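Descriptive structure summary
Listed below, chain by chain, are the residues.
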Amino acid sequence: MEKNNRSIRIECPKLLITRNESDLQWLIGSPFFPPLTIISTFRCIHSGSSSPDFLKESEEIRTLLLKGLDVIGALIVGKSDPQKTAVTAVEAARNLRKVLSGKTNLENEEIIGAVADPDTGDIRFFVSENERSANLDLVNSVSYDANPEKFLWESGCLLLCQLPVKLPVCFPVNKPSDVEGIFSRAIEAVIAKLKDPNVVYMVEASNKASLDVVQPVILRGADLDFDTTAPNIEPLDEAAHSSEQKLLPCGHFCLKSKSTPHLFSAKNADILQVSVLLNRSEKSPKRSAPAVEYFPAMEETRLLIVDFKLEVLCYAVQGIPLMHAISKLIIPGLIDQLISMKQTTLPNLLTQHPELHPYHFCPPGIAHPVTVIYELSYGETEMKQVDARRSLHMRLGLPFDRPLLRIANSLDFSIKGRSSTSSTRKGSSLLKDVHVGIPSSGVSGGIVSLVQGSYEYYHYLQDGFDDSGWGCAYRSLQTIISWFRLQHYSSVDVPSHREIQQSLVDIGDKDPAFIGSREWIGAIELSFVLDKLLGVSCKVINVRSGSELPEKCRELAFHFETQGTPIMIGGGVLAYTLLGVDYNEATGECAYLILDPHYTGSDDVKKIVNGGWCGWKKSVDSKGKSFFLQDKFYNLLLPQRPNMV
């Protein structure tokens, strides 16, 4: 059955199905968006013999998914009858929603059931109107948005609540079995306190980038409505509700306009900071002095202090009133996170309870953040943490050859003024990504393939060190190592010239007299250093003459598309760093994006680009001059991404 007035809206990178995809994916949407709007997909990774393990799935998705986002359907990859497969998808999504929400009845909620052909990738969408109806409606109208970030963040914002919780747990030494019940009651007391009429929630802007001073808003527990489902609310008129702070919209704290497209992202979203305060000094009609109650322990007792650092991130549209944002997003988020940490802590409560910490990530291909709770008692390279990240990569459809969910990748909300990724926390003064915004190469009909991620520009005379005339390969190596650092593959400091030389002596490639010398190094030496310091393997391409380099353009383009690392060009002449190629396969025309380490001036991007120290070079320019010499050989060093998460 088909209803012509329905339309599926896809606000995420176009759903591409391959044979390697999970056969079941959860479709993610939000009650704040138009019905049947999909903003991302999560893979189902816990399945039994005949159906998903809904309990395990719900435990992980409840942590990952921000409040304000929901599971709105499921997609199954398969060749079976589409209608029957869609029924299975709808039933799975509805069962997961029941476990996530704690409701047993979802009568009036529309659920999407999608079926994808594993050979063609074609997807058919069906909709179930409610739980009682056995019929599914086929929806043929499907639209894909080219700018999902704008859809999410033009009128969306984030709410952040950080709440340290310190729980004293006293239990009889001779009855250790009682500790679980005592601990659970302590958790329940904290949950009850979050809804106490006297609890105070203070809302303030954490990144207001304007001269306007917006005063914090105070809401009390008595002002909140815990029985109202957060509706899809249109922006409210602030002036009309100025006397009722609880009806102020979230947009009261948000920037009124975002003129530049790059501001539409989770990293640049408006953030509302919510603080939880307990008001113990309210006026009372009766005068009373402070009182202390003493409860003596009747038997030997042990005291445990359990520390939790809650950090909840929620998504909301700017029109939702603050009272709903707190009662239906922040408080449920705090409760869910507290219960999740409790379940993780309970098994080892009497021995060594884990150190748990929430982190928020916005990995590529997903327009909204996700939340992960890591156990910090394990190092990031220990197998327990590696396995946890690998599972998350599988769930989110992320590649397994790059670290995207390490702590260093997390969003940083500690700096007042703007959220940022922690790669900027180091505060390096070196120029980054100097190729961004340079003029085009001039190759007609070419396809541009570039370095993926950030790097720092190392060149002659930096750090007060004179390496002019011999240090170009060292500088190219430093740029390559900075790329691995900024992509969080390694925390190893970028080595100095002397440290590079020491590494080559340590592995037996050079004699001790090499240290402190001004001897050149080439692509092979660079590969030795990358292997020793970072454990990175490299591929080497040899060409006998500069005239042969255009024959390697297809291979170089493939490297940038799959590996994305900077390439060092060395050989019988000067060394360069290659950041990309612009290649027309039909005509064979090619240009090379060169980062030149021979630059000796100040770190001025305009001067560097205008001087041609970072720019596109053709094998033969318009004046007939060859950039790569005909009578010299070249070695190209292609570092490979480590297979790690």
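Residues numbered from 1 in each chain as written. Predicted model: local features only at pLDDT ≥ 70, side-chain atom pairs only at ≥ 80, totals over all residues. Heavy atoms only, no water.

This paragraph deals with the packing of aromatic side chains. Under the counting rule described, the total for this entry stands at 17 aromatic pairs. When the centroid spacing of 5.3 Å and the interplanar angle of 80° are considered together, the rings of W153 and Y315 count as edge-to-face. One end of the pair, W153, is in helix 3 (residues 148-153); the other, Y315, is in strand 14 (residues 301-317), and 162 residues separate them in sequence. Ring centres of W483 and F484 lie 4.9 Å apart, and the angle between their planes is 85°; on these two criteria the pair is classed as edge-to-face. Joined through ring pairs, the aromatic side chains of Y576, Y592, F627, F628 and Y634 make up one cluster. Above the ring of F514, the side-chain terminus of K510 is found at 5.3 Å from the ring centroid. (Phe/Tyr/Trp six-rings, centres within 6.5 Å; stacked < 30°, edge-to-face > 60°. Helix = DSSP H or I, 4+ residues; strand = E, 2+ residues; numbered from the N terminus. Lys NZ or Arg CZ within 6 Å of the ring centre and 35° of its normal.)

Attention now moves to the sheet that holds strand 8 (residues 137-139). As summarised here, the arrangement of the six strands in space is 4-2-5-6-7-8, forming an open sheet in which the pairing is mixed. Here the strands that pair on one side only, and so sit at the sheet edges, are strand 4 (40-43) and strand 8. Within the sheet, the average angular offset between the axes of one strand and its neighbour, ignoring direction, is 30°. For strand 2 (residues 24-29) and strand 5 (residues 70-77), the ladder comprises six bridges, and the chain directions are antiparallel. Across the sheet, residue I28 finds its bridge partner in strand 5, namely V71. Contacting strand 2, strand 5, strand 6 (111-116) and strand 7 (123-128), helix 2 (residues 82-101) runs over the sheet at an angle of about 135° to strand 6. (Pairing = 2+ DSSP bridges. Axes fitted to C-alpha atoms, helices over the stretch in contact; angles between N-to-C directions. Contact = heavy atoms within 4.5 Å.)

Turning our attention to the environment of V505. Inspection of the secondary structure assignment puts V505 in helix 8 (residues 497-506). Counting along the chain gives ten residues from V505 to I515, while the straight-line C-alpha distance between them is 7.7 Å. Not counting the four nearest positions on each side in its chain, V505 is found in contact with K510, D511, P512, F514 and I515.

To continue, consider the side chain of E375. Relative to the assigned elements, E375 resides in strand 16 (residues 370-375). Polar contacts involving the side chain of E375 include one to the side chain of S377, which spans 3.2 Å. Beyond its immediate sequence surroundings of up to four residues, E375 is in contact with P354, E355, L356, K384 and Q385. (Polar contact = N/O pair within 3.5 Å; in protein donor to acceptor, adjacent residues only side chain to side chain.)

Look at helix 4 (residues 179-194) against helix 5 (residues 322-345): their axes get within 10 Å of each other, and the N-to-C directions meet at 170°. Classified by the interaxial angle, the pair formed by helix 4 and helix 5 is roughly antiparallel. Seen from helix 4, the contacting residues are F183, S184, I187, V190, I191 and L194; seen from helix 5, they are I331, L334, I335, L338, I339, K342 and T345. Of the residues belonging to the contact of helix 4 with helix 5, the class tally is ten nonpolar, two polar and one charged. (Parallel < 35°, antiparallel > 145°, perpendicular 65-115°, else oblique. Nonpolar A, V, L, I, M, F, W, Y, C, P; charged D, E, K, R; others polar.)

What follows covers the state of the cysteines. One pass over the structure, following the stated rule, counts one disulfide. Disulfide pairing is shown between C553 and C590; the S-S distance is 2.0 Å. Taking the sign of the torsion about the S-S bond as the criterion, the disulfide between C553 and C590, at about -85°, is left-handed. Of the two residues, C553 is situated in helix 10 (residues 553-562) and C590 in strand 23 (residues 590-595); the sequence distance between them amounts to 37 residues. Comparing C553 with C590, the two get one shared label, buried. (Disulfide = S-S within 2.5 Å. Buried < 20%, exposed > 50% of the residue type's maximum accessible area, 1.4 Å probe, protein only.)

This paragraph deals with the sheet that holds strand 1 (residues 8-10). Strand order in the open sheet formed by three strands is 3-1-9, with parallel pairing between adjacent strands. Edge positions in the open sheet fall to strand 3 (37-38) and strand 9 (142-144), since each of these has one partner strand only. Relative to strand 9, strand 1 is paired through three bridges, and the arrangement is parallel. Along strand 9, the bridge assignment pairs I8 with V142.

This part is about helix 2. Over its 20 residues, helix 2 extends 28 Å from the first C-alpha to the last, a length consistent with the 28 Å expected when each residue adds 1.5 Å. Where helix 2 is concerned, the buried positions are T85, A86, A89, V90, A92, A93, R94, L96, R97 and K98. Once helix 2 ends, the next one or two residues include G102, with phi positive near 80°. (Expected span 1.5 Å × (residues − 1).)

Moving on to the side chain of K510. Structurally, K510 can be placed in the loop between helix 8 and helix 9 (523-534). There is a polar contact of 3.3 Å between the side chain of K510 and the side chain of E525. Residues in contact with K510, not counting those within four places in the same chain, are L504, V505 and E525.

Attention now goes to the pairing of strand 10 (residues 156-172). Within a regular strand, side chains alternate between the sheet's two faces. Of all 17 residues in strand 10, twelve are buried; the element is thus mostly enclosed. Bridge count between strand 10 and strand 14: 17 bridges; the pairing is antiparallel. Among the inter-strand pairings, C170 is bridged to a residue of strand 14, identified as L303. Bridging between strand 10 and strand 13 (residues 271-278) involves four bridges; their strand directions are parallel. Bridge pairing links L160 to Q273 in strand 13.

Phi is positive for L36, close to 65°, though the residue is something other than glycine. Considering the arrangement of structural elements, one finds L36 in the loop between strand 2 and strand 3. Owing to a relative accessible area of 8%, L36 belongs among the buried residues under this scheme.

With the rule as written, the count across this model stands at 20 salt bridges. Its salt-bridge partner being D467, residue R475 comes within 2.7 Å of it at the nearest N-O pair. Here R475 falls in the buried class, since its relative accessible area comes to 1%. Three or more residues are tied together by salt bridges with common partners; here these are R6, E110, E129 and D137. (Salt bridge = Lys/Arg side-chain N within 4 Å of Asp/Glu carboxyl O.)

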